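Summary of structural features
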Amino acid sequence: MSQKVQEFNEYRSKMNEKILGSDNKVIKRIFNLDTNAYAEGHLSVKTKELLGLVASAVLRCDDCIAYHLETAYKNGVTKEEMMETMSIATLVGGTIVIPHLRRAVEFWEALEEENTNV
């Protein structure tokens, strides 16, 4: 596994465990709502992940971008689809999104590298 991807997933898992371990009902419900929102429905999981990617890029949340990139990758999104999605995010969010676009492409390459090393 790519070190970048591995570090992201380990940190996310560790912190989510701590957060959910606080046994806060509101936080648990928000996490559950987030999980259920991205489940298969009238829109495919792939489409929902790309929508989440656009929203995350426009909001400039690198952790969220990485999460949606990885989930989208696992759901069969191609590099071309990811780039088109990020082009829409950059159009909507403006040039301030460009640094996040750079990191998104870097993370995507780490995902591709991970897949070729399996």
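Here, the structure is the one placed above.
To keep things clear, this report deals only with the structure shown in the data block. Bear in mind the structure is a predicted one, so any value in this text is a computation, not a measurement.

Further remarks concern the nonpolar core. Formed by 22 residues in total, the largest nonpolar core has its most connected members in Leu 53, Leu 69, Met 82, Met 86 and Phe 107. When residues of this core are traced back to their parent elements, those giving at least two are α1 (3-21), α3 (45-58), α4 (62-74), α5 (79-93) and α6 (98-116). Element by element, the count of residues in this core is highest for α6, at seven residues. When neighbours within four sequence positions are excluded, Met 82 is seen to be in contact with Leu 53, Leu 69, Val 77 and Trp 108.

Right, let's get into α4. Taking 1.5 Å per residue, 13 residues should reach 18 Å; α4 reaches 18 Å between its end C-alpha atoms and fits that length. Taken together, the buried positions of α4 are occupied by Ile 65, Ala 66, His 68, Leu 69, Glu 70, Thr 71 and Ala 72. Looking at the buried positions of α4, the neighbouring elements they touch are α1, α3, α5 and α6. Within two residues after α4, Gly 76 carries a phi angle of roughly 90°, on the positive side.

This next bit is on the packing of aromatic side chains. One pass over the structure, following the stated rule, counts two aromatic pairs. Pairing Phe 8 with Phe 107 gives two aromatic rings, centres 5.7 Å apart and planes at 75°, and the pair type is edge-to-face. Taken as a pair, Phe 8 in helix α1 and Phe 107 in helix α6 lie far apart in primary sequence, 99 residues in all. Considered together, Phe 8 and Phe 107 belong to a single accessibility category, that of buried residues.

Here we take up unusual backbone geometry. The phi torsion at Asp 23 lies on the positive side, around 60°, for a residue other than glycine. Mapped onto the fold, Asp 23 is located in the loop between α1 and α2 (25-37). Phi at Arg 60 takes a positive value of approximately 60°, unusual for a residue other than glycine. For Arg 60, the position within the fold is in the loop between α3 and α4. Note on Arg 60: relative accessible area 39%, which makes it partly exposed.

Parameters and conventions
All residue numbers refer to position in the chain's written sequence, counted from 1. At least 70 in pLDDT is required for a residue's local features to be given in this predicted model, at least 80 for side-chain atom pairs to be given and counted, and no such filter applies to totals for whole chains, interfaces and linings, which use all residues. Hydrogens and waters are ignored; side-chain quantities use all the structure's heavy atoms. Definition of nonpolar core: a set of buried residues of the types Ala, Val, Leu, Ile, Met, Phe, Trp, Tyr and Cys, connected through side-chain atoms within 4.5 Å. Partly exposed residues are those whose accessible area sits between 20% and 50% of the maximum for their type, while under 20% is buried and over 50% is exposed, using a 1.4 Å probe and protein chains only. For helices the rule is a DSSP run of H or I covering at least 4 residues; for strands it is a run of E covering at least 2, with both sets numbered from the N terminus onward. Contacts were defined at the residue level, with two residues in contact if any of their heavy atoms lie within 4.5 Å. Multiplying 1.5 Å by the residue count of a helix minus one yields the expected span of that helix. The rule is short: rings of Phe, Tyr and Trp, with Trp giving its six-membered ring, pair when the centres are within 6.5 Å, and they are stacked under 30 degrees, edge-to-face over 60, tilted in between.

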